[in-house]
Amino acid sequence: MSEPGSEPDTAASITRVADRVGATASFLCAVHCALLPLLVAVLPAVGLGFLADHGFERGFVVFAVILAFSTMIAGFRRHHHLRAFWFLIPGVLLLLTGVVIDPHHAGALHAVLLACGGTLVAAAHLINLRLGHWGHVHDAYCRH
């Protein structure tokens, strides 16, 4: 039999882990997008050519958007602050705009939009983590 309050703690724990994964992935995405124009020639030589594939990029953006909205909604249910969405919404809009721009004709703009969008999504995850921590109430069921 579980302790009272253990289910919300489990959900909050999963949300914190998902936010950390999302922040890390979004940051790596931003770095990837910023450096990709420089590394396009090197990636295939080291067996990482798939990272320059636009299908991979689009799939990663879809995954990042789904993960981000899922964790932001779960975080909002816990801390009731919209601050993380202030960064998430523009970040997602930049990511989606960057994905639809043809990188062969507007490579620099494509990279800048994706790098800025990924950075904003990473910031949203970090803000969501911080808001969840500040909103934590210590009680008899705390596990720390």
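Residue numbers here run from 1 along each chain, matching the order of that chain's written sequence. Since the coordinates come from a predicted model, pLDDT governs what is reported: local features require at least 70, and pairs of side-chain atoms require 80 or more to be given and counted, while whole-chain, interface and lining totals use all residues. The side-chain numbers reported here are obtained from all heavy atoms of the structure, hydrogens and water having been left aside.

Caption draft 1: Looking closely at the overall build of the protein. The number of helices and strands found in the protein is four helices and zero strands. Residue exposure (1.4 Å probe, protein chains only): buried if accessible area is under 20% of the type maximum, exposed if over 50%, otherwise partly exposed. Out of the 144 residues in the protein, the part that is buried amounts to 35%. Only heavy atoms matter for contacts: two residues are in contact if any of them lie within 4.5 Å across the pair. In the protein, once contacts between residues fewer than 6 apart in sequence are set aside, the share between residues at least 24 apart is 69%. Per the convention used, a helix needs a DSSP run of H or I reaching at least four residues, while a strand needs a run of E reaching at least two, with both numbered from the N terminus.

Caption draft 2: Representation of the packing of aromatic side chains within the structure. Stacked, tilted and edge-to-face pairs are distinguished by plane angle, under 30 degrees for stacked and over 60 for edge-to-face with tilted covering the rest, among Phe, Tyr and Trp rings (Trp via its six-membered ring) whose centres lie within 6.5 Å. Inspection of every chain in the model, using the stated rule, returns two aromatic pairs. Both rings, one in Phe-60 and one in Phe-63, keep their centres 6.4 Å apart while their planes meet at 55°; by these two values the pair is tilted. On the criterion of helical spacing, the pair formed by Phe-60 and Phe-63 is a turn pair, its members being three residues apart in helix H2 (residues 54-79). You can call Phe-63 partly exposed: its relative accessible area is 44%.

Caption draft 3: Highlighting the nonpolar core. If you look at the biggest cluster of nonpolar residues, it comprises 15 residues, and the most contacted ones within it are Val-61, Met-72, Leu-88, Val-92, Leu-95, Leu-114 and Val-121. In terms of residue count, helix H3 (residues 83-100) provides more of this core than any other element does, six residues in total. Buried Ala, Val, Leu, Ile, Met, Phe, Trp, Tyr and Cys residues that are joined via side-chain atoms within 4.5 Å together make up what is termed a nonpolar core.

Caption draft 4: A look at the side chain of Thr-71. Topologically, Thr-71 is positioned in helix H2. You can call Thr-71 buried: its relative accessible area is 3%. With residues near it in sequence (within four places) discarded, Thr-71 still touches Thr-15, Ala-18, Asp-19, His-125 and Asn-128.

Caption draft 5: Layout of H3. What a helix should span is 1.5 Å times the count of its residues minus one. For H3, spanning 18 residues, the distance from its first C-alpha to its last is 27 Å, which sits close to the expected 26 Å at 1.5 Å a residue. When H3 is considered as a whole, its buried residues turn out to be Ala-84, Phe-85, Leu-88, Gly-91, Val-92, Leu-95, Gly-98 and Val-99. With its buried residues spanning 160° around the axis, H3 presents them on a single face. Summarising the geometry of H3, the exposed residues directed more than 90 degrees from the buried face are Trp-86, Leu-93 and Val-100. Throughout, the arc means the angular range of directions from the helix axis out to the C-beta atoms.

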